[in-house]
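Each chain is listed here by its residues.
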Amino acid sequence: MRDLDNRIGFLFHDVARFRSIVYDHFMQPHGLTRAQWQVMGTLFRKDGLTQRELCDRMDMGAVSMSGLIDRLEAQGWAERREDPEDRRVKRVWLTERVLDIQDAMLRQANELNRMALKGLNREQIDMLVDMLKMVKA
């Protein structure tokens, strides 16, 4: 059983790593690094997170996240704003500039999914999604 657990773990890791490598290639013409598009993707799901919430969701240290947000701000992708209820807290918001790339990011993600799931029928894809949700839970 131990070998099976390791094999599944390696498969999860390899699939995630390969997806990231291909998506990096897709985002390179837009000047986005892996860490940048991951932060943007996280903020697409829930804009206005605190830096701490971003750190927790992305399993990243505060210093690394701070530098990453600095670079996103410098490129005009994101901005920090004070929390209206607690001035000590800064929230990170995507800027309007993101509207220029959001559709492209989604199209590229859909293309990557098509590539990754090639050869599977709709029923198999639905089963895979359901099983992955169970594993995640």
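Above this text is the structure in question.
The residue numbers shown here count from 1 along each chain, following its written sequence. Given that the model is predicted, a residue must reach a pLDDT of at least 70 before its local features are reported, and side-chain atom pairs must reach 80 or more before they are shown or counted; all residues, however, enter totals for whole chains, interfaces and linings. To get the side-chain values, take all heavy atoms of the structure and skip hydrogens and water.

Undergrad: I'm lost on the pairing of strand S2 (residues 78–83) in this one. Help?
TA: Each regular strand carries side chains that alternate between the two faces of the sheet. Sheet analysis places S2 next to strand S3 (residues 86–94), joined by six bridges and oriented antiparallel. Paired with aspartate 83 across the bridge in S3 is aspartate 86. When DSSP finds two or more bridges between a pair of strands, those strands are recorded as paired. We count a stretch as a helix when DSSP gives it H or I for four or more residues in a row; a strand needs E for two or more, and each element gets its number in order from the N terminus. Between S2 and the antiparallel strand that follows it, S3, lie two residues.

Undergrad: How do you make sense of the packing of aromatic side chains when you look at a structure like this?
TA: Note on aromatic contacts: the rings of Phe and Tyr and the six-membered ring of Trp form a pair at centre separations within 6.5 Å, being stacked when their planes are under 30 degrees apart, edge-to-face when over 60 apart, and tilted otherwise. Taken as a whole and assessed by the stated rule, the structure comprises one aromatic pair. Taking the centre distance of 4.5 Å and the plane angle of 75° together, the rings of tyrosine 23 and tryptophan 37 count as edge-to-face. Here tyrosine 23, found in helix H1 (residues 2–27), pairs with tryptophan 37, found in helix H2 (residues 34–45); they are 14 residues apart in sequence, far enough to count as distant. Pair check on accessibility: tyrosine 23 and tryptophan 37 agree, each one buried. We note arginine 97 situated over the ring of tryptophan 77; from NZ or CZ to the ring centre the distance is 3.8 Å. Exposed residues in this analysis have more than 50% of their type's maximum accessible area, buried residues have under 20%, and partly exposed residues fall in between, with area computed by a 1.4 Å probe over protein chains only. Charges are assigned to positions over rings by a cutoff of 6 Å between ring centre and Lys NZ or Arg CZ, combined with an angular limit of 35 degrees from the ring normal.

Undergrad: Could you clarify how one ought to interpret unusual backbone geometry in this entry?
TA: The phi angle of most residues is negative, glycine excepted, and most peptide bonds adopt the trans form. Phi at aspartate 59 takes a positive value of approximately 55°, unusual for a residue other than glycine. Looking at the secondary structure, you find aspartate 59 in the loop between helix H3 (51–58) and helix H4 (62–74).

Undergrad: Quick question: what am I supposed to make of the packing of H2 against H4 here?
TA: Angle between the axes and distance between the axes: these two values describe a pair of packed helices. Only the stretch in contact is used when a helix axis is fitted, and all axes are lines through C-alpha atoms; the angle between N-to-C directions ranges over 0 to 180 degrees. At a closest axis distance of 10 Å, the pairing of H2 and H4 adopts a crossing angle of 85°. In terms of their interaxial angle, H2 and H4 are classed as roughly perpendicular. Here H2 contributes Ala35, Gln36, Val39 and Met40 to the contact with H4, which in turn contributes Met65, Leu68, Arg71 and Leu72. Under this scheme an angle from 65 to 115 degrees is roughly perpendicular, one under 35 degrees roughly parallel, and one over 145 degrees roughly antiparallel; angles in between are oblique. Contact between two residues is taken to exist if any of their heavy atoms lie within 4.5 Å; hydrogens are not considered.

Undergrad: How do you make sense of the pattern of salt bridges when you look at a structure like this?
TA: Side chains that carry opposite charge are capable of pairing whenever their charged atoms lie near each other. We count a salt bridge whenever a side-chain nitrogen from Lys or Arg sits within 4 Å of a carboxyl oxygen from Asp or Glu. All chains considered together, the criterion is met by eleven salt bridges. Across the salt bridge formed by arginine 52 and aspartate 56, the nearest N and O atoms sit 3.1 Å from each other. With arginine 52 and aspartate 56 both in helix H3 and four residues apart, this pair spans about one turn of that helix. With a shortest N-O distance of 3.5 Å, glutamate 53 and arginine 91 are connected by a salt bridge. Highlighted residues: glutamate 53 in helix H3 and arginine 91 in strand S3, separated in sequence by 38 residues. Residue classification places glutamate 53 among the partly exposed residues on the basis of a relative accessible area of 30%. A single salt-bridge network, built from bridges that share partners, covers Glu53, Asp83 and Arg91.

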